[in-house]
Amino acid sequence: MSDQHNALFESIDLGPVTVPNRVFQPPHGNAYGLGDQQTAFRAEKARGGFGLIVQEYSQIHESTDVTPVDSGYIHDDETIPPQREMVDAVHDHGGKLFVELWHGGATAGNYGSRRPPLSASQLPTGNYYTPKEMEHDDIQKIVEAFGNGADRARRADYDGIELHAAHGYLISQFLSPFYNDRDDEYGGSLENRMRFFREIIKSVRENVSDDMAVGARYTIDERVEGGLTADGDGLEIVRRIGDDLDFWDIDIGVKQSIDDMIAPSRRHSKNYQIDFMKAATDELDVPVGGTGRITDPDDAVALLEEGYVDMVGMARQSISDPHWPRKVREERVDEIRECIGCNVCVSQSRQGIPLTCTQNPTVGREAIWPPEEYETVDEPKGILVVGGGPAGMEFARVAGERGHLVHLNEKAETLGGRVNFEGTLPDLGEWNRVRDWRATELERLDDVAVHTGSKAEMSYDDVESYGAEVVVVATGASWSEKGETSGTHRPVPGWDRDHVLTPEDALEVDPSGRDVVIFDEEGYNVSAGVAQSLAADNDVTFVTPSASAFDQAVHTFERGTIFTALFESGVEFISHHALEEIRDDDVVAANVHSGEQTTLEADYVVFTTMRKSNDDLYRDLTTNLDSLRQSTEIEEVHAIGDCVSPRRIADAVYSGHDLGRQV
Ligand code: ADP
Ligand code: SF4
């Protein structure tokens, strides 16, 4: 290893625990619950070199649950055996495993237990209910429950505890004047608001062993009006608690400001939280860790060397590439699969769907698809891949790793497929990493040849005469020109007029100073990006059958940022409406509930309602597959990615990887 990244690989003491390096995975949910998958997921990060892993928020008492999500649990003794197995698995790879003790307070779902959510005060949470204001008995019970959780953590052999004093969950509901309007000894003054946290720290300390560390994840700035701030009480709490804790894991944001907490790349640039970490680091004698879309090894080193932080935390980057530390250490930095900040991971796990990732299709499959390991084939096959989008690139990469002889033919001048368009939309530049990482990996593989440009466009005859044994069709999908929606399944009358455009055409035409109607049911990044691009020079009206807009961007925490940009650009929104007809100079839209019609001026209409698979080649090849097999070397024909079903980039990558592992 060169000296350049040495700082990342120095050990550090968190109280009595020596962590082997400075790269840690802060706690993050995955909706895997406890058991083999959770164990495999955390152990993979230790195998990839993360020195410290913190198991996700684990409920310490049955008065809180995160249903419908399957999270961590430590509220009874039955939860101990699977956690001990996880600790052992992480230790086998030389890592340390802490557990995050959590009570959700007002923010817990409690849909499973049906117990009333508890909080410091009876203030609304945005969950369609108000919680119970905790009585003194409740406070006593929960303080004890944190101690009991620590006792179970000790018996599960965890190396340490991270208290969840962040993100607007119960401890931070007491700390913060935004959530706490009590007038007893647990509310009002800062010291009163800190009382619950201090009692919990004491209760936990009494129950851990001398060789366990106790720290906290802490929101230093809540990013809400009336909440804790890094130049006010947020920092004062750090000063006053100080080295009562062995380490601090500093974060920002609460539920009401979640797009600052788990910021997508369209909202914040890389390393966006570092000044908040520094505020704490400057005050504390004990180590401070922090996160915030840190993905680049040079940046990580600079954060350590310039005193921003003592440990560099990576949640999403550890999902996108659990082997980040190992690759840095082995000077394979260009092999790091950098996170694109799309938040597909968190959007799923927050809805109770097991975590997946756009960049890393092996997430959630670690036991069957060990990341970075490929079963090589005894008899390599000659494989032709048609189409070099995310699906085709990922397939070619995996098949190449396994030793097959692969030709990847892409008719465009560059690889990338849909990413080449989506990555040019405002604030989505980091999405190009999906293409760039795979392109670099393909160059590394001797048995993969990539051909691009018009000569690489494959017709049926080209495929027939190519000489391949396996043909993989990854020709993607195209935006429908007809405007069908889930509510109509029919073309919009007038769809064939010249002024009706696809998203790609719309950006080519860039119709300055005109009235543009976008009719959308995608509810995601393409419609948002096209609207934002066109709104700079045009009067844009956004029509959608949805009750709001950008429904796919809700759980990726992008919707607020998208709305801000579009409202600032003067975009008008007409929700609950579908287009009934496109005429020469206007369109007729109707309310999908009342049927009432509205006429809107429109020089151009752009459809972002649905995509359709480009599957003609696949259908032609498989119509008479038996005779094709007899007359050529072709044995198998497959379709992958959007060519089968147009979905998210994550699904296309997964589809390519899946076939690559099997072929
Ligand atoms: P996916 O997300 O499934 O990978 P994309 O639409 O991103 O789908 O990529 C499909 C790629 O296939 C595009 O880059 C397109 O140019 C390419 N392609 C489509 N048809 C052909 C063809 N007949 N020959 C070569 N490349 C093709
Ligand atoms: Fe990063 Fe997106 Fe993967 Fe999440 S899903 S880890 S944001 S690439």
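Since we're looking at a predicted model, the values are computed, not measured.

How each quantity is defined
- Residues numbered from 1 in each chain as written.
- Chains lettered and ligands numbered in written order.
- Predicted model: local features only at pLDDT ≥ 70, side-chain atom pairs only at ≥ 80, totals over all residues.
- Heavy atoms only, no water.
- UniProt positions renumbered as here; feature names shortened; annotations may be inferred.
- Helix = DSSP H or I, 4+ residues; strand = E, 2+ residues; numbered from the N terminus.
- Near = heavy atom within 4 Å.
- 1 Å grid on protein atoms, 1.4 Å probe; cavity = no way out; pocket = protein on both sides within 12 Å on 5 of 7 lines; lining within 4 Å.
- Sits in = over half its atoms within 2 Å of the grid points.
- Phe/Tyr/Trp six-rings, centres within 6.5 Å; stacked < 30°, edge-to-face > 60°.
- Buried < 20%, exposed > 50% of the residue type's maximum accessible area, 1.4 Å probe, protein only.
- Polar contact = N/O pair within 3.5 Å; in protein donor to acceptor, adjacent residues only side chain to side chain.
- Areas by Shrake-Rupley, 256 points an atom, 1.4 Å probe, with all protein chains shown as cover.
- Nonpolar A, V, L, I, M, F, W, Y, C, P; charged D, E, K, R; others polar.
- Points joined across faces, edges and corners; volume = space filled by probe spheres on them.
- Axes fitted to C-alpha atoms, helices over the stretch in contact; angles between N-to-C directions.
- Parallel < 35°, antiparallel > 145°, perpendicular 65-115°, else oblique.
- Left-handed = near helix turned anticlockwise from the far one by under 90°.
- Contact = heavy atoms within 4.5 Å.

## Re the UniProt feature "domain: NADH:flavin oxidoreductase/NADH oxidase N-terminal" (unreviewed entry) in the protein
Line of reasoning, step 1. The sites that UniProt annotates as "domain: NADH:flavin oxidoreductase/NADH oxidase N-terminal" (unreviewed entry) are residues 8–334.
Line of reasoning, step 2. Between the C-alpha atoms that bound residues 8–334 the distance is 17 Å, and the span itself is 34% helix and 17% strand.

## Here we look at the site of ligand 2
Line of reasoning, step 1. In the vicinity of ligand 2 there are 13 residues, among which Cys339, Cys342, Asn343, Cys345 and Cys357 approach most closely.
Line of reasoning, step 2. Among the detected pockets, ligand 2 sits in the largest cavity.

## Some thoughts on the packing of aromatic side chains
Line of reasoning, step 1. Following the criterion strictly, the structure yields 19 aromatic pairs and no others.
Line of reasoning, step 2. When the centroid spacing of 5.5 Å and the interplanar angle of 70° are considered together, the rings of Phe550 and Phe563 count as edge-to-face. With Phe550 in the loop between β21 (539–543) and α19 (559–568) and Phe563 in helix α19, the pair connects residues that are 13 residues apart, well separated along the chain.
Line of reasoning, step 3. Take Phe550: its relative accessible area is 1%, and that puts it in the buried class.
Line of reasoning, step 4. When the ring of Phe550 is compared with that of Phe573, the centres are 6.2 Å apart and the planes differ by 85°; the resulting orientation is edge-to-face.

## Structural notes on the site of ligand 1
Line of reasoning, step 1. Ligand 1 sits among 21 residues. The nearest are Ala391, Glu410, Arg418, Met458 and Asp642.
Line of reasoning, step 2. The separation between a nitrogen atom of ligand 1 and a polar main-chain atom of Lys411 is 3.2 Å.
Line of reasoning, step 3. Backbone polar atom of Met458 to a nitrogen atom of ligand 1: 3.0 Å apart, as the coordinates give it.
Line of reasoning, step 4. Relative to its unbound accessible surface of 580 Å², ligand 1 loses 90% to contact with the protein.
Line of reasoning, step 5. Placement of ligand 1 is best described as lying within the second largest pocket.
Line of reasoning, step 6. Taken together, the elements giving at least two residues each to the shell around ligand 1 come down to α13 (390–401) and β15 (405–410).
Line of reasoning, step 7. Taken together, the residues that form the shell around ligand 1 break down as 8 nonpolar, 8 polar and 5 charged.

## Examining empty space enclosed by the protein
Line of reasoning, step 1. Applying the stated criterion to the full structure yields 5 cavities of 30 Å³ or more.
Line of reasoning, step 2. Roughly 90 Å³ of volume is contained in the largest cavity.
Line of reasoning, step 3. Every residue lining the largest cavity is listed: Arg316, Ile319, Ser320, Cys339, Ile340, Gly341, Cys342, Asn343, Cys345, Cys357, Thr358 and Gln359.
Line of reasoning, step 4. Per element, the largest residue contribution to the lining of the largest cavity is 3 residues, and it comes from helix α10 (residues 316–320).
Line of reasoning, step 5. Taken together, the residues that form the lining of the largest cavity break down as 6 nonpolar, 5 polar and 1 charged.

## A short note on the packing of α13 against helix α22 (residues 649–662)
Line of reasoning, step 1. Where α13 contacts α22, the axes come no closer than 7 Å and their chain directions differ by 30°. By the angle class used here, α13 and α22 are roughly parallel. Here the hand of the crossing between α13 and α22 comes out right-handed. Listed contacts from α22 to Pro390, Ala391, Glu394, Phe395, Arg397, Val398 and Ala399 of α13 are Ile649, Ala652, Val653, Gly656, His657, Leu659, Gly660 and Arg661.
Line of reasoning, step 2. Tallied by class, residues from the contact of α13 with α22 come to 9 nonpolar, 3 polar and 3 charged.

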